[in-house]
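Given next are the chains, with one letter for each unit.
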Amino acid sequence: LKTPITSMRVLADSLIGMGDAPLELYKEFMGDISKEIDREAKIIDDLLSLVRMDRSAIVLSRKETDMHEMLEQILKRLRPLAKVNRIELTLHTVREVSADVDEVKFSLAIMNLVENGIKYNGNQNDGYVQVTLDADHQFCYIRVEDNGIGIPEDQQELVFERFHRVDKARSRETGGTGLGLAITKEIILLHQGIIRLSSEEGKGSTFQVRIPLKYIESSTPAQAASQKEKNRKEEN
Ligand code: ADP
């Protein structure tokens, strides 16, 4: 959500800073700002429909996506935040794989996890977030592991609920809304996947995501419900 705003600020500030920038440059930068506004509007639309859990309003545009490439892009975008927080951010690809995902939405889901790993780290010098990509013939596995503050056991299911924050003061300080993990979970479920959390207070958290490589079209509501039930059972 913040990335388009950051881009717009950089574009606007550099124009202001230049004072007598040529008209061509104004046009070019305004064009870029306009594109960022479109992107922001789309993200907000998506978020609103996800928050309402209004599944019928969510259209997934799935296509075969190189997962390693996608994760590299996510890490690239989060590197500045990691740097400010002095967190080492690494990607370990055990197996390169492609999966049928909606790249924008799925990226958002994983980005939330990595961003949380950075935000809720608290380590002064040796903080890290490690992202691991692996696959077998059926599934793609993405693990996001940090050595941060961890999540108390009695909160571990609750963090996936909308607006739930463990430490409200800290979360507000870091700009949290309590929506990130709810959105992440919803997106992963939409991809017929599951997400698991294991965490220990003071030691760190690991989120494990599993999605099928191929999306199976659920032709009837009954099939969709049965798939959802299957996922729910596996999740427990
Ligand atoms: P927020 O916008 O508050 O970050 P999220 O839904 O992403 O909302 O996360 C919910 C809460 O779960 C956070 O407020 C935080 O307390 C906790 N949390 C999420 N990820 C982590 C993590 N990697 N380590 C520690 N706590 C976390």
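Above this text is the structure in question.
Here the residue index of a chain counts from 1 through its sequence in written order. Predicted model: local features are reported for residues with pLDDT of at least 70 only, side-chain atom pairs are reported and counted for 80 or more only, and whole-chain, interface and lining totals are derived from all residues. As a rule here, side-chain values cover all heavy atoms of the structure and leave hydrogens and water aside.

*Asks:* Sorry, what's going on with helix α3 (residues 67-84) here?
*Replies:* Given 3.6 residues per turn, any residue in an α-helix points the same way as the ones three and four places further on. Compared with an ideal rise of 1.5 Å per residue, which puts 18 residues at 26 Å, α3 spans 26 Å between its outermost C-alpha atoms and is within 8% of the ideal. At every residue, the bend is computed as the angle between two fitted axes, covering the seven residues ending there and the seven beginning there respectively. Strands here are runs of E lasting at least two residues and helices are runs of H or I lasting at least four, both read from the DSSP assignment and numbered beginning at the N terminus. Leu 78 marks where α3 bends most, by close to 45 degrees; the proline Pro 80 follows one to four residues later. Between buried and exposed lies partly exposed: a residue is buried under 20% and exposed over 50% of the maximum accessible area for its type, with that area taken using a 1.4 Å probe on protein chains only. Of the residues making up α3, those classed as buried are Met 67, His 68, Met 70, Leu 71, Ile 74, Leu 75, Leu 78 and Ala 82. For α3, the capping residue at the N-terminal end is Asp 66, with a side-chain oxygen 3.1 Å from the backbone nitrogen of His 68. Within two residues after α3, Arg 86 carries a phi angle of roughly 55 degrees, on the positive side. Any helix carries an expected span of 1.5 Å times its number of residues minus one. We call two N or O atoms a polar contact when they sit within 3.5 Å, provided that within protein one can donate a hydrogen and the other can accept it, with sequence-adjacent residues counted only if both atoms are side-chain atoms.

*Asks:* Looking at this model, I keep getting lost on the pairing of strand β5 (residues 139-146). Mind explaining?
*Replies:* For a regular strand, side chains alternate in direction, first toward one face of the sheet and then toward the other. Relative to β5, strand β4 (residues 127-135) runs antiparallel, the two being bridged by seven bridges. Along β5, the bridge assignment pairs Val 129 with Asp 146. In short, DSSP must find at least two bridges between two strands for them to pair. Between β4 and β5, which pair antiparallel in sequence order, lie three residues. Pairing of β5 with strand β7 (residues 204-212), which is carried by eight bridges, proceeds in the antiparallel orientation. Opposite Phe 139, over in β7, you have Pro 212 as the bridge partner.

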